[in-house]
Amino acid sequence: EPEVTQTPSHQVTQMGQEVILRCVPISNHLYFYWYRQILGQKVEFLVSFYNNEISEKSEIFDDQFSVERPDGSNFTLKIRSTKLEDSAMYFCATLEPLAGYSYEQYFGPGTRLTVT
Amino acid sequence: AQRVTQPEKLLSVFKGAPVELKCNYSYSGSPELFWYVQYSRQRLQLLLRHISRESIKGFTADLNKGETSFHLKKPFAQEEDSAMYYCALSAGGSEKLVFGKGTKLTVNP
């Protein structure tokens, strides 16, 4: 069964550094998402992406964050200048539309980002 | 604003006992409700969606619009049901998911 993959599984970086988190979506899916989960807290929506542009973003997704799909396969989340509070598990998800206006989001295994 | 509340952080039952994981939501319109499950060292995966009204692994969930609830139930819990369970909603024409904090279910032998 096809799966969403994410790399790296764990990233440690120093405050102020740029990080790029990578996701390979399921091949025929067209809608992509990033979520994050700070330890002990809820999974929170960051951004959705369709047709090579952002379709929706949360207030968390400020100017420090960007997404792109540079080569038609990888879907990346970039954090320009990491802060301690960016430490979290970052999940990529892709959406499969289903019959009857329903859909299912498939999640990747996550990337644990630790900012020191 | 859309919000999902799962009042129990931890829930522990014995094998064979009934289990109910509570989920309440706040949204003025008609949301779509989901239960996601995360087994140890595995990814989040969809367990149920309210629109399909199905039973998966013996679990069912009924949307109660009057009580704004979508509780997850299973009549006889199994040890392999031990996992983290997240209730989520999407609404307003957006497919983004709004999650609750999750309930860790432990089924003891």
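From a predicted model like this one, the values you see are computed outputs, not experimental measurements.

Caption draft 1: Seen up close, the interface of chain B and chain A. Facing 20 residues of chain B, the contacting portion of chain A comprises 21 residues. Connecting chain B to chain A are 3 salt bridges. Where chain B touches chain A, the interface holds 10 residue pairs in polar contact (both at pLDDT 80 or more). When residues of the side of chain B that touches chain A are traced back to their parent elements, those giving at least two are strand E1 (3-5), strand E5 (32-38), strand E6 (45-49) and strand E9 (83-90) of chain B.

Caption draft 2: Expanded view of the environment of Asp86(A). Residues and elements named next belong to chain A. Tracing the sequence through the fold places Asp86 in the loop between strand E8 (75-79) and strand E9 (88-97). On the basis of relative accessibility, which here comes to 3%, the residue Asp86 falls in the buried class. Residues Asp86 and Glu18 lie 68 residues apart in sequence; the distance between their C-alpha atoms is 11 Å. When residues no more than four places from it in sequence are discounted, the contact partners of Asp86 are Arg36, Phe65, Ile79, Ser81, Leu113 and Val115.

Caption draft 3: Quick look at the packing of aromatic side chains. This model, assessed by the stated rule, comprises 16 aromatic pairs over all chains. With a centroid separation of 4.3 Å and an interplanar angle of 10 degrees, the aromatic rings of Tyr31(A) and Tyr50(A) are classed as stacked. Separated by 19 residues along the polypeptide, Tyr31(A) in strand E4 (residues 31-37) and Tyr50(A) in strand E5 (residues 43-50) bring together distant segments of the chain. Here Tyr31(A) falls in the partly exposed class, since its relative accessible area comes to 26%. For the ring pair Phe107(A) and Phe99(B), a centre distance of 6.1 Å and an interplane angle of 75 degrees mean the geometry is edge-to-face. Taken together, the positions of Phe107(A) in strand E10 (residues 103-107) and Phe99(B) in strand E10 (residues 98-99) put the pair across two chains. The two residues Phe107(A) and Phe99(B) agree in class, both being buried. Through pairs of rings, three or more aromatic residues link up here, namely Tyr33(A), Tyr35(A), Phe45(A), Phe91(A), Phe107(A), Phe34(B), Tyr36(B), Tyr86(B) and Phe99(B).

Definitions and limits used
Within each chain, residues carry numbers counting from 1 in the order of the written sequence. To label them, take the chains in the order written and letter them from A, then take the ligands in the order written and number them from 1. Restriction of local features to residues with pLDDT of at least 70 applies here, the model being predicted, together with a cutoff of 80 or more for giving and counting side-chain atom pairs; totals for whole chains, interfaces and linings are based on all residues. The side-chain numbers reported here are obtained from all heavy atoms of the structure, hydrogens and water having been left aside. Two residues form a contact once any of their heavy atoms are found within 4.5 Å. Throughout this description, the term salt bridge denotes a Lys or Arg side-chain nitrogen within 4 Å of a carboxyl oxygen of Asp or Glu. Two N or O atoms count as a polar contact when they lie within 3.5 Å, although within protein this holds only if one can serve as hydrogen donor and the other as acceptor, and sequence-adjacent residues are included solely when both atoms are side-chain atoms. Only runs of H or I of at least four residues qualify as helices and only runs of E of at least two qualify as strands under DSSP, and these elements are numbered from the N terminus. For the exposure calls, accessible area comes from a 1.4 Å probe over protein chains only, and a residue counts as buried if that area is under 20% of its type's maximum, exposed if over 50%, partly exposed in between. Each pair of aromatic rings taken from Phe, Tyr and Trp, with Trp reduced to its six-membered ring, is defined by centres within 6.5 Å and is described as stacked if the planes are under 30 degrees apart, edge-to-face if over 60, and tilted in the remaining cases.

Just geometry here; none of it tells us what the structure is for.
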